[in-house]
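Working through the structure, step by step
Read off the chains here:
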Amino acid sequence: AGPGQAAMYAGLQELGVANGEDLKETLTNCTEPLKAIEQFQTENGVLLPSLQSALPFLDLHGTPRLEFHQSVFDELREKLLERVSAIALEGKVEERYKKLEDLLEKSFSLVKMPSIQPVVMCVMKHLPKVPEKKLKLVMADKDLYKACAVEVKRQIWQDNQALFGDEVSPLLKQYILEKENILFSNDISVLHNFFSLSPKTRRQGEVVQKLTQMIGKNVKLYDMVLQFLRTLFLRTRNVHYCTLRAELLMSLHDLEISEICTVDPCHKFTWCLDACIREKFVDNKRARELQGFLDGVKKGQEQVLGDLSMILCDPFAINTLALSTIRHLQDLVGQDTLPRESPDLLLLLRMLSLGQGAWDMIDSQVFKEPKMEAELITKFLPMLMSFVVDDHTFNVDQKLPSEEKGPIPYPSTIPEAFTKFLQENRIACEIGLYYILHITKQRNKNAFLRLLPALVETFSDLAFSDIFLHLLTGNLTLLGDEFALEEFCTSLFDGFFLTACSRKENVHRHVLRLLLHLHHKVAPAKLESLQKALEPTKQSGEAVKELYNQLTEKLELRKPSPAEVTETPSMELPLPTVPTPASR
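Residues numbered from 1 in each chain as written. Predicted model: local features only at pLDDT ≥ 70, side-chain atom pairs only at ≥ 80, totals over all residues. Heavy atoms only, no water.

1. Re the overall build of the protein chain
In plain terms, the rule: Numbered from the N terminus, helices here are DSSP runs of H or I no shorter than four residues, and strands are runs of E no shorter than two. Only protein chains enter the area calculation, which uses a 1.4 Å probe; residues under 20% of their type maximum are buried, those over 50% are exposed, and those in between are partly exposed. Should any heavy atoms of two residues lie within 4.5 Å, those residues are counted as being in contact. Values of accessible area rely on a 1.4 Å probe in the Shrake-Rupley scheme; residue burial ignores everything except the protein chains shown.
Helix and strand content of the protein chain: 31 helices and zero strands. Considering the protein chain as a whole, with its 584 residues, one finds that 43% of them fall into the buried category. When contacts within the protein chain are restricted to residue pairs at least 6 apart in sequence, long-range pairs at least 24 apart make up 71% of them. Surface exposure of the protein chain reaches about 32400 Å², of which carbon and sulfur atoms provide 56%.

2. Looking at the packing of aromatic side chains
Quick reminder of the rule: Aromatic rings from Phe, Tyr and Trp, with only the six-membered ring used for Trp, were paired whenever their centres fell within 6.5 Å, and each pair was classed as stacked if the ring planes differed by under 30 degrees, edge-to-face if by over 60, and tilted otherwise.
As enumerated under the stated definition, the model contains 17 aromatic pairs in all. Residues W157 and F164 carry aromatic rings whose centres are separated by 5.2 Å and whose planes lie at 40 degrees to one another, so their mutual orientation is tilted. W157 sits in the buried class, given a relative accessible area of 2%. Between F387 and Y435 the ring centres are 6.4 Å apart and the planes differ by 35 degrees, which places this aromatic pair in the tilted class. Taken together, the residues span a long stretch of sequence, with F387 in helix α23 (residues 374-399) and Y435 in helix α25 (residues 426-441) at a distance of 48 residues. By relative accessible area, which is 3% here, F387 ends up buried.

3. Focus on empty space enclosed by the protein
So the rule is basically this: Detection works on a 1 Å grid of protein atoms alone, calling trapped sets that fit a 1.4 Å probe cavities and calling open sets with protein on both sides within 12 Å along at least five of seven lines pockets, with lining residues defined by an atom within 4 Å of a point. Grid points are joined across faces, edges and corners, and a volume is the space filled by probe spheres set on the points.
Evaluated as defined, the whole model comprises two cavities of 30 Å³ or more. Here the largest cavity is characterised by a volume of approximately 90 Å³. If you trace the largest cavity, you find it lined by P199, R202, R203, A246, E247, M250, T270, L273, D274, I277, I311 and D314. Elements supplying a minimum of two residues to the lining of the largest cavity: α12 (199-203), α15 (240-254) and α17 (267-279). Residue contributions to the lining of the largest cavity peak at four residues, all from α17. Lining the second largest cavity are D187, I188, S189, H192, N193, H470, G474 and R513.

4. Regarding the pattern of salt bridges
Inclusion rule: Should a side-chain nitrogen of Lys or Arg be within 4 Å of a carboxyl oxygen of Asp or Glu, the pair is scored as a salt bridge.
For the structure shown, the criterion picks out 26 salt bridges. Here R203 ties to D254 by a salt bridge, and the two come within 2.7 Å at their closest N and O atoms. Linking R203 in helix α12 with D254 in helix α15, this pair joins segments that are 51 residues apart in sequence. Overall, the relative accessible area of 4% leaves R203 in the buried class. Assessed through its relative accessible area of 28%, D254 is described here as partly exposed. Among the salt bridges present, the one from R245 reaches D307, with a minimum N-O distance of 3.6 Å.

5. Observations concerning the side chain of T458
Locating T458 in the fold gives a position in the loop between α26 (445-451) and α27 (466-476). Taking the relative accessible area as the measure of exposure, T458 reaches 8% and is therefore buried. Those residues in contact with T458, other than ones at most four positions away along the chain, are L422, Q423, C429 and A463.

6. What about helix α18 (residues 284-295)?
Here is the rule we go by: An expected span of 1.5 Å times one less than the residue number is assigned to each helix. Along the arc lie the directions from the helix axis toward the C-beta atoms. Pairs of N or O atoms are called polar contacts if they sit within 3.5 Å, as long as, within protein, a hydrogen donor faces a hydrogen acceptor (for residues adjacent in sequence, only side-chain-to-side-chain pairs).
Over its twelve residues, α18 runs 16 Å from end to end, which matches the ideal 16 Å to within 8%, given 1.5 Å per residue. Residues of α18 that are buried include every one of R286, A287, L290 and L294, and no others. Relative to the axis of α18, the buried residues are bounded by an arc of 105 degrees and lie together on one face. The opening residue of α18, the one whose side-chain oxygen lies 3.1 Å from the backbone nitrogen of K285, is D283.

7. Some thoughts on the environment of D391
Tracing the backbone through its elements, the reader meets D391 in helix α23. Each C-alpha atom, one on D391 and one on N446, is 8.9 Å from the other, the two residues being 55 residues apart in sequence. Leaving out residues up to four positions away in the same chain, D391 has contacts with Y410, Y435, I439, N444 and A447. Side-chain polar atoms of D391 contact the side chain of Y410, separated by 2.5 Å.

8. With respect to the layout of surface pockets
Using the following cut-off: Residues are sorted three ways: Asp, Glu, Lys and Arg are charged, Ala, Val, Leu, Ile, Met, Phe, Trp, Tyr, Cys and Pro are nonpolar, and all the rest, Gly among them, are polar. Boundary definitions for the domains trace back to an automatic or database domain assignment.
Considered as a void within the structure, the second largest pocket measures approximately 1200 Å³ in volume. Those elements that place two or more of their residues in the lining of the second largest pocket are α11 (161-183), α14 (219-236), α20 (315-335), α21 (343-356), α22 (358-364), α25 and α27. In terms of residues, the lining of the second largest pocket owes the most to one element, α25, which gives six residues. Here the residues of the lining of the second largest pocket are counted per class, giving 22 nonpolar, eleven polar and eleven charged. A domain-level breakdown of the lining of the second largest pocket finds at least three residues from each of domain 2 (158-375) and domain 3 (418-551).

9. Focus on the packing of helix α24 (residues 416-424) against α25
To keep things clear, this is the line we draw: What counts as an axis is a line fitted to C-alpha atoms, over the stretch in contact for a helix, and the angles between N-to-C directions run from 0 to 180 degrees. Oblique is the label for every angle not falling under 35 degrees (roughly parallel), over 145 degrees (roughly antiparallel), or within 65 to 115 degrees (roughly perpendicular). Note on convention: near helix rotated counterclockwise from far helix by under a right angle means a left-handed crossing. Clockwise means right-handed.
Interaxial distance between α24 and α25 falls to 6 Å at its minimum, and their mutual angle equals 115 degrees. Relative to α25, the element α24 is oriented roughly perpendicular. Considering the relative orientation of α24 and α25, their crossing is left-handed. Contact residues: F421, L422 and E424 in α24; R426, A428, C429 and G432 in α25. For the contact of α24 with α25, a count of residues per class yields four nonpolar, one polar and two charged.

10. A closer look at a nonpolar patch on the surface
Put simply, the rule reads: Here a patch means residues that are over 30% exposed by relative accessible area and free of salt bridges, tied together within 9 Å if like-charged and within 5 Å if nonpolar (Val, Leu, Ile, Met, Phe, Trp, Tyr).
On the surface, a nonpolar cluster with roughly 270 Å² of combined accessible area is contributed by L27, L34 and I37. Here L27 lies in helix α2 (residues 20-28).

11. Things to note about the environment of L354
Within the secondary structure, L354 is located in helix α21. Exposure remark for L354: the relative accessible area of 0% places this residue in the buried category. Residues L354 and I311, 43 residues apart in the sequence, show an inter-C-alpha distance of 9.6 Å. If near-sequence neighbours (up to four positions away) are discounted, L354 is found in contact with L294, L305, S309, L312, M361, E369 and P370.

12. Notes on unusual backbone geometry
Even without being a glycine, K280 presents a positive backbone phi close to 55 degrees. Within the secondary structure layout, K280 lies in the loop between α17 and α18. The backbone phi angle of D461 is positive, close to 55 degrees, even though this residue is not glycine. Within the secondary structure layout, D461 lies in the loop between α26 and α27.

13. A few points about the nonpolar core
For clarity, the threshold we go by: By nonpolar core is meant a set of buried Ala, Val, Leu, Ile, Met, Phe, Trp, Tyr and Cys residues that side-chain atoms within 4.5 Å join together.
F380, L476, F483, L492, F493, F496 and F497 are the most contacted members of the largest nonpolar core, which has 160 residues in total. Each residue touching F497, except ones within four places of it in the same chain, is listed here: L469, L472, L476, L492, V507, V511 and L514.

Here it is in C-alpha cells:
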C-alpha cells in the first residue's frame, strides 16, 4: 500500500478495526488465500443476518462488493452528519455538548481518513469549545487546518494573533488594491466616480464580507482586526484603512451582531454618519445627533476619540463633510450670515478637524480634539464666500447693458492669504480643494483658472493626492471644449499638472488618464508638446508606461493616413480639376 492508501486507513488500528495492512498480513501468512479472504469479509462486513443471502444476488448483477459497501458507507455518513447537526440543537446545553465531546473523543483518531474526516470536522464545528489538545493537533497539520470549518478556525485564531494576521493580511492588501484601481480607472466620468457607490453596496465587497465571516460574533477577533487596521494606518498613512474600519463595523451592524456592535463605542456614531454618507449631506437632525456623541465623550473615556477620528478620516466621511460645508457656505451668502454665526457649519468643521487629525492623535496617543484655528472661521471661510459673491456679481454684470466703458472683466487675482491658507492649514486646504471641485462641476471656467495657481503648493501636497485628482479629472470632462484653447491648456497642464509630474508618479498617471479621455479635444500643437513632456523616463513605473503606450496608440490612429494628406498631384497622372468647396 502506498502513502495514499495508508492515509485512507489512518487511525483504524487504534480503534481495533482491521484495515488494508491487516488483510495484507493475513494473506502473506496463510496457506489458503480464498478462505482467508472469505473469513476477513465475514468478520469485517456489514453484520446483518438478512444481508448474507442478499449479497450473492448483487454478485449475479455484477455489482462489485466495493460499490455496495461504498454506497452503504456514504448513506451512513450522511445520516451521521445529520444526526450530529441535530444533537447540536437538542436537549440541555451541557448534555448536547457532552455527547458531541464524547463523539469527538471516539472519532478524532480517524480525522486524517478522507472518508471519515467530514464527520470529525462537523463535530468540531458544532462545539463552542473544542478541547485545547485537539485544536493544537489541527493547527500543527496544514491539511487539517485547511479542511476545518471557520467556526473551528476562530477558536484557533483567537489565541494565535500571528496566524490570524497571516490570514487577514492578503485580504487587506487586496482591499487597498481595489480602492487604488477605482481611483486610477480609465473610465473618467463626473457621474460615476470613487464616491458613487452607496455605503451598503460597498459593504457587499468581497473583502468586507470575508472579514465579517472570519470574525463571526467573536469580539476578540474583531479587536484584532481593528488593531491591524490602526497599525497599518499608522505605518502607511493610507486612509482606505479608515474606510474599512467603518465598513466592517457597519457590515456587522447589517447582520445585527449585537455581541460586537454593543461593545464598539463608535457604533451609534458610525451608524448615524453612515446615513449622512448615503445622502452625501449632513442634515440638521443628524448634525445634532453627531454633536451629541462628540459632546458625550466622558472624562476618562477620551480614548474613544482615537476611534471616532479614524471613522471621520474615512475619505467617504471627509467627502460628505466637505460637500456639506460648501453647501452651507453658499446658503450663508444668501442669508447674509457670517460663518462664525452658524453652529451647523462649526460642527462640520469640528468633525473635519477631528478626521484630519486622526493620524496625529493615534500616533501621539494624546486623545483630545484638535484646536480649531480662529482665522479659519473669521478669515478663510469669508474669503471663500467672497469668491461666491464675485461670481454672482460677474454674472449679473454680464446681463446688464454695457456702457461706454465696456464689460467688467472677471477678477483674475487671488488674495495672497488664500494661497497661504492652502499651504499652511489642513482644513482650509481640504475645503479650498472641494470649492475648486465645486466650481469645476459648475463649468465655471473663470473661477477655475483664477484659483488654479493656488494649487501648485498645498498643505502636504493635498492637491496632488489621488482622491482629489480622481475627482478633478472627472469634473474637467465637463469643461471638455475649453481644451481646444491654448490659454486653458497652458494654465492647466504647464501651470499645474506638469509642475509635479516628474516628482510624483501618481500625477503622471492621472494626466495620462485625462488625456486618454480628452485627447480629441486638445489643440494638436498642444497635444504634441504634451506627448513629449509626458514621455516616461527610465524610472517610470509599469502603469505610467502602459498608459503612455495606450495614448500613443490612440494618437497614431487619429493621424491622417498618407493617402489622406493633400499633396501636389504628381505629374505622371493628369488629374481632373475638382472645384474646391466654398469655405463655410
